[in-house]
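Fold and geometry: a report
Spelled out from the first residue to the last, the chains are:
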2 protein chains.
Amino acid sequence: MKACGLIVEYNPLHNGHVYHIQQAQKLTESDCTIAVMSGNFTQRGEPAIMDKFSRTKAALSAGVDLVVELPFLFAVQHADLFAKGAVSILDALKVDHLVFGSENGSIESFHHAQKERQKNQTAFETVLKKQLENGLSYPEANRAAYELVGINSALDLSSPNNILGFAYLQAAEALHSPIQVDTIRRIQAGYHEQSITGPIASATSIRSAWQDEKIQQVKAAVPEKTFELMEAEELHSWEAYFPLLRYLILTRPAETLRQIHGMDEGLEYRFKKYINQALNFQQFLSLIKTKRYTWTRLQRVCVHLLSNTQKHMNREHLEQAACPYIRILGMNKNGQAFLSSRKKQLDVPLYTHLKDGMHPVADLELQAADAYNSILPPEIAAASRRQEISPPIFA
Amino acid sequence: MKACGLIVEYNPLHNGHVYHIQQAQKLTESDCTIAVMSGNFTQRGEPAIMDKFSRTKAALSAGVDLVVELPFLFAVQHADLFAKGAVSILDALKVDHLVFGSENGSIESFHHAQKERQKNQTAFETVLKKQLENGLSYPEANRAAYELVGINSALDLSSPNNILGFAYLQAAEALHSPIQVDTIRRIQAGYHEQSITGPIASATSIRSAWQDEKIQQVKAAVPEKTFELMEAEELHSWEAYFPLLRYLILTRPAETLRQIHGMDEGLEYRFKKYINQALNFQQFLSLIKTKRYTWTRLQRVCVHLLSNTQKHMNREHLEQAACPYIRILGMNKNGQAFLSSRKKQLDVPLYTHLKDGMHPVADLELQAADAYNSILPPEIAAASRRQEISPPIFA
């Protein structure tokens, strides 16, 4: 069986994603589509609007055959770690192709940039370090380093999907993975696009339209299944977690906050200083944001605070940057057949569900799920918790 | 000025409390009444239905001249520590009398029990230790020890107010305090009485009647000011904090829970084992309760978990069992005159408000206040927080 891998968040799954699934299948002539999907929190440091189980249902309904979880440990990290975690899963599953969507759309320009980067590695690292010392944020310093070293002539490394795609390519290279990486140009909507203008819209604009109760616009931009799931649930957003975040910042001493992953350079004092002035999450982030601390970075720290992800946790797995297990969230018969075909070649354990004490990375996954569910009524939270320890969704 | 001290919770202040204030003034012929009052959490390990500021207003309106805070450090503890903290404040203020309400009503029987206890100290301690080893809870072991050593012929040390009164007497003795201790027999309602039958009712029955919306019964049992305050606010109860408690138990590892004050003998595993089975606070407590862990003890552990009170915090102050400062919550002109008369004799600092970093015991007070306020909308929580750092209430 020939398989094609996608790295996704589906927050929520929209028509652009369906296009991506179909084009990837066509391009690679694969028999099976595998999605590595973030769980309850996304790479930009936000609670996903629907939990992993609902988003798995949407994925299966849109043509994905197998949904595998990108562990929380890798999902809420900067592009490099996110990419390494996700690509290591596709590599472990011996998936033949990886197809990502990008603003650029030409895999040659990615390969070119990668070669340039390798040639100029030392210069690049020196300039990057200097820019970080100058107080630039990581993405800004990174982009500046590419520009100053003269690498990115053909590839705009300020576009979020180009950044991620480039990270996938580097991760595959680092793993010496035989996976064939290709890209499809994203159509119409930009990643950060704020308004919906037709059937193809960004996930950001769909979430924002939903919040503004522009229900018909959302309906036009997502498959029926997604719309049905969105209507059935109370959607999650940072604001609902703000009282809890506020409580944690006020009742934990600075030394405790400092243990949190990403809480560096005295950021804990900034959190404590401004929390009493903020009446909601947006206000709080605006208050603590600086040139150096990007909105995304601060949101990730907030996710780690909420999920109690500490610096010392799973450090060895982060350093290895390889996922220590494969966790199936959902599949159809085709996905099941793929798994059977690959089962014997797997170097890491295959989990059909999690349980307490199974693996430190899985323990953190359950902890993050409990944090995500904490705003739900206890009976619904308990039901969602039970899904973590139940067999995968079968479509 | 001759002053009379009361040790109170006023949760809420009711007609029985007004009777106690008046009788204490009459009995001691004092010019001034001082109440040492618990803050936002009570000795039995519950969030007070109204915060300390509302309860201070009720106290001033009922004839108390000066309201001093019993720090959280001492307020949510077993009877001995509660008593030591409270009596040390009255002693520091050179208050002349302490009058407590009791089921017994005769100070002679308290003095007698105290003498008997002193005579049989070694035997008492041996028996107490043995009973605790047998798996009895602390109050049960204590009562059994009194019975077995043959002390409490005249004083029933299973009645909660007798227990507290006896603890006040012992605390005064331990401090070599010149304070004169006296008692008034509580009229009609028992401490744990569950229903209201007239103008005198227990605070427990008033809280429960309010919850059952028996508003007229409550109105008959409390002063007008209390009723007005109760009507104006959303009253606090454990159930509102349950989602937060649930979140903490699920997302903190056992080692972190073990740092919490009172989380002993592997109780943290019991918390973790049962939390997913409980849909509310009552259910959770019922699940974790055993013969050894009384409901009250478990509620106190839950308060410490909520307020993040750790074992290592303020240990020296708990061991000294003396309040390191006096914090004024409210006063009238008479109370102010009393303070002026005692100011120069004070051995501990007098605080008119708290601020961050002022004193470790005050830091814990603010932390507990933040935990208490965490269920309120951020703007109301922030306003309540500001009251902690503002001048006292003046009536």
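Here's what I pulled together on the structure shown here. On a predicted model such as this, the values are computed, not experimentally measured, just so you know. (Residues numbered from 1 in each chain as written. Chains lettered and ligands numbered in written order. Predicted model: local features only at pLDDT ≥ 70, side-chain atom pairs only at ≥ 80, totals over all residues.)

Here's the deal with the overall build of chain A
Looking only at helices and strands, one finds 20 helices and 8 strands in chain A. When the backbone C-alpha atoms are referred to their principal axes, chain A occupies close to 55 × 55 × 45 Å. For chain A, buried positions account for 47% of its 395 residues. Here the analysis covers contacts within chain A between residues at least 6 apart in sequence; of these, 74% occur between residues at least 24 apart. (Helix = DSSP H or I, 4+ residues; strand = E, 2+ residues; numbered from the N terminus. Buried ≥ 20, exposed ≤ 12 C-beta atoms within 10 Å, placed from the backbone. Contact = placed C-beta atoms within 7 Å.)

Digging into the interface of chain B and chain A
Counting residues at the interface gives 21 residues for chain B and 21 residues for chain A. For the side of chain B that touches chain A, the elements supplying multiple residues, two or more each, are α12 (238-251), α19 (360-373) and α20 (378-388) of chain B. Per-class residue counts for the side of chain B that touches chain A are 9 nonpolar, 7 polar and 5 charged. (Nonpolar A, V, L, I, M, F, W, Y, C, P; charged D, E, K, R; others polar.)

As for the relation of the copies chain B and chain A
In the superposition of chain B on chain A (RMSD 0.0 Å, axial shift 0.0 Å), the rotation amounts to 180°. In short, the pair behaves as if placed about a two-fold rotation axis. The rotation axis passes nearest to the C-alpha of L244 of chain B in chain B, at a distance of 3.8 Å. Taken together, the interface assignments show that 100% of the residues at the interface of chain B recur at the interface of chain A, consistent with an identical surface on both copies. (Least-squares fit on C-alpha atoms with pLDDT ≥ 70 in both.)

A short note on the nonpolar core
The biggest cluster of nonpolar side chains holds 224 residues, and the ones touching the most others in it are Y168 of chain A together with Y168 of chain B. Setting aside residues up to four positions removed in sequence, Y168 of chain A forms contacts with I7, A83, V87, L98, F100 and V181 of chain A. (Core = buried A, V, L, I, M, F, W, Y, C linked by C-beta atoms within 7 Å.)

Thoughts on helix α16 (residues 295-306) of chain B
Because the α-helix completes a turn every 3.6 residues, residues three or four places apart line up on one side. Residue and element names in this part refer to chain B. The terminal C-alpha atoms of α16 lie 16 Å apart, and with 12 residues this matches the ideal 16 Å at 1.5 Å per residue to within 8%. Counted residue by residue, α16 has 10 buried out of 12 residues, so it is predominantly covered. Residues of α16 that are buried make contact with α12, α14 (267-274), α15 (281-288) and α19. After α16 finishes, the residue N308 shows a positive phi value of roughly 55°. (Expected span 1.5 Å × (residues − 1).)

Thoughts on unusual backbone geometry
Excluding glycine, residues mostly carry a negative phi; peptide bonds, for their part, are mostly trans. Here the amide bond leading from N11 of chain A into P12 of chain A is cis, since omega sits at 0°, within 30 degrees of zero. By secondary structure assignment, the location of P12 of chain A is in the loop between β1 (3-8) and α1 (15-28). Even without being a glycine, H176 of chain A presents a positive backbone phi close to 50°. Judged by the 7 C-beta atoms lying within 10 Å of it, H176 of chain A is exposed. In this structure, E213 of chain B takes a positive phi of about 60° despite not being glycine. With respect to the helices and strands, E213 of chain B occurs in the loop between α9 (203-211) and α10 (215-221).

Quick word on helix α11 (residues 224-232) of chain B
Residue and element names in this part refer to chain B. For α11, every residue scored as buried is listed here: T226, L229 and M230. Seen from one end, α11 has its buried residues packed into an arc of 100°, which puts them on one side. Away from its buried face by more than 90 degrees, α11 exposes E224, E231 and A232. Buried residues in α11 make contact with α2 (52-61) and α9. (Arc of directions from axis to C-beta.)

Examining the packing of helix α5 (residues 107-119) of chain B against helix α8 (residues 160-174) of chain B
Residue and element names in this part refer to chain B. In contact at an axis separation of 10 Å, α5 and α8 are set at 60° when each is read in the N-to-C sense. Comparing the axis directions of α5 and α8 gives the class oblique. Regarding α5 and α8, the two cross each other, and that crossing is right-handed. Together, F110, A113 and Q114 of α5 and G165, F166, L169, Q170 and E173 of α8 make up the contact between the two elements. A breakdown of the residues in the contact of α5 with α8 according to their chemical character gives 4 nonpolar, 3 polar and 1 charged. (Axes fitted to C-alpha atoms, helices over the stretch in contact; angles between N-to-C directions. Parallel < 35°, antiparallel > 145°, perpendicular 65-115°, else oblique. Left-handed = near helix turned anticlockwise from the far one by under 90°.)

Observations regarding the environment of I215 of chain B
Residue and element names in this part refer to chain B. Position of I215 relative to the elements: it lies in helix α10. I215 gets classed as partly exposed once you count the C-beta atoms within 10 Å, which come to 13. Taking the C-alpha atoms as reference points, I215 and E231, 16 residues apart in sequence, are found 9.6 Å from one another.

Concerning the pairing of strand β4 (residues 97-102) of chain B
Residues and elements named next belong to chain B. Of all 6 residues in β4, 6 are buried, a share of seventy percent or more. Burial of the side chains of β4 extends over both faces: H97, V99 and G101 are buried on one face and L98, F100 and S102 on the other. Here 2 bridges tie strand β1 (residues 3-8) to β4, and the two strands are oriented parallel to one another. Bridging across to β4, G5 finds its partner in L98. Sheet topology note: the β4/strand β5 (residues 180-185) ladder contains 6 bridges and is parallel. Bridged to G101 within β5 is I184. (Pairing = 2+ DSSP bridges.)

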